[in-house]
Amino acid sequence: MPKVGMEPLRRKALIDATISAIGERGSLDVTMSEIAGRAGVSSALAHHYFGAKDELLFATMRHILAELAIDMRRALQSAKSPRERVSAVVAVNFSDIQFQAETIAAWLAFYVEAQKSSALRRLLKIYARRLHSNLMSGLTGILPRAEADRAAEATAAMIDGLYIRRALKDGVPNAATAIALVEDYLETKLGERQKQ
């Protein structure tokens, strides 16, 4: 008889193990058996909870996006000005939870897999729309809409680009440097506007 209340814990353990395995391997070329072993459950139980590996990968990406959304809402609620909203979006994307080696590798692997998987492509489109919307929520209070749109697109591209560049490096990710690069761009962009 299954233990009551264990399913959510085991599902979370499998998702964490998926992130860990992808991070170590640097690709989605991991097996359900390997993931289950890392999670401390049987392969049969992993299949019971998620079915095929693709479903576990989809659930993992949804989990990463859900964590990002929760952190983003919290940060945006604390922001007191449009400029603080923009900085909050940048900071959350490079938070300790998101900007760690395993999660970065998972993001990169998901980007690659989304070229073949319509379900993952849909999730990445949702992420891109949310990121743009969150950036616009601050930038439209500072810049005219067309300029805010371009600045949001450029900022999002920098965030995604810094994840890709980070995936190519060894060692511990340096969030402070990533944030400083994006903030430097924003200060330059916003400073240009103020001079006009």
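Residues numbered from 1 in each chain as written. Predicted model: local features only at pLDDT ≥ 70, side-chain atom pairs only at ≥ 80, totals over all residues. Heavy atoms only, no water.

### With respect to the packing of aromatic side chains
Consideration 1: If you walk through the whole model with that rule in mind, you get six aromatic pairs.
Consideration 2: On the basis of an interplanar angle of 85° and a centroid distance of 5.0 Å, the ring pair of phenylalanine 94 and phenylalanine 99 is categorised as edge-to-face.
Consideration 3: Exposure remark for phenylalanine 94: the relative accessible area of 1% places this residue in the buried category.
Consideration 4: Judged by its relative accessible area of 6%, phenylalanine 99 falls in the buried class.
Consideration 5: Ring plane angle 70° and centroid distance 6.5 Å describe the contact between tryptophan 107 and tyrosine 163, whose orientation is recorded as edge-to-face. Of this pair, tryptophan 107 sits in helix α6 (residues 101-113) while tyrosine 163 is found in helix α8 (residues 145-167), placing the two residues 56 residues apart along the sequence. In this structure, tryptophan 107 and tyrosine 163 share a single accessibility class: buried. (Phe/Tyr/Trp six-rings, centres within 6.5 Å; stacked < 30°, edge-to-face > 60°. Buried < 20%, exposed > 50% of the residue type's maximum accessible area, 1.4 Å probe, protein only. Helix = DSSP H or I, 4+ residues; strand = E, 2+ residues; numbered from the N terminus.)

### Some points on the nonpolar core
Consideration 1: Formed by 61 residues in total, the largest nonpolar core has its most connected members in Leu14, Phe94, Trp107, Phe110 and Leu139.
Consideration 2: Other than its neighbours up to four places away in sequence, phenylalanine 94 contacts Phe99, Ile159, Leu162, Tyr163, Ala175, Ala178, Ile179 and Val182. (Core = buried A, V, L, I, M, F, W, Y, C linked by side-chain atoms within 4.5 Å. Contact = heavy atoms within 4.5 Å.)

### A few points about the packing of helix α4 (residues 53-78) against helix α7 (residues 118-139)
Consideration 1: As a packed pair, α4 and α7 sit with axes 10 Å apart at the nearest point and diverge in direction by 10°. Our classification of the angle between α4 and α7 gives roughly parallel. In this structure, α4 uses Leu57, Phe58, Met61, Arg62, Leu65, Leu68, Ala69, Met72 and Leu76 to contact α7, whose residues at the interface are Ala119, Leu120, Arg122, Leu123, Leu124, Tyr127, Arg130, Asn134 and Ser137.
Consideration 2: Looking at the contact of α4 with α7 residue by residue, the classes come out as 13 nonpolar, two polar and three charged. (Axes fitted to C-alpha atoms, helices over the stretch in contact; angles between N-to-C directions. Parallel < 35°, antiparallel > 145°, perpendicular 65-115°, else oblique. Nonpolar A, V, L, I, M, F, W, Y, C, P; charged D, E, K, R; others polar.)

### Re the pattern of salt bridges
Consideration 1: Per the counting criterion, the structure on display carries nine salt bridges.
Consideration 2: Here the residues in one salt-bridge network are Glu24, Arg25, Glu34 and Arg38, joined through shared partners. (Salt bridge = Lys/Arg side-chain N within 4 Å of Asp/Glu carboxyl O.)

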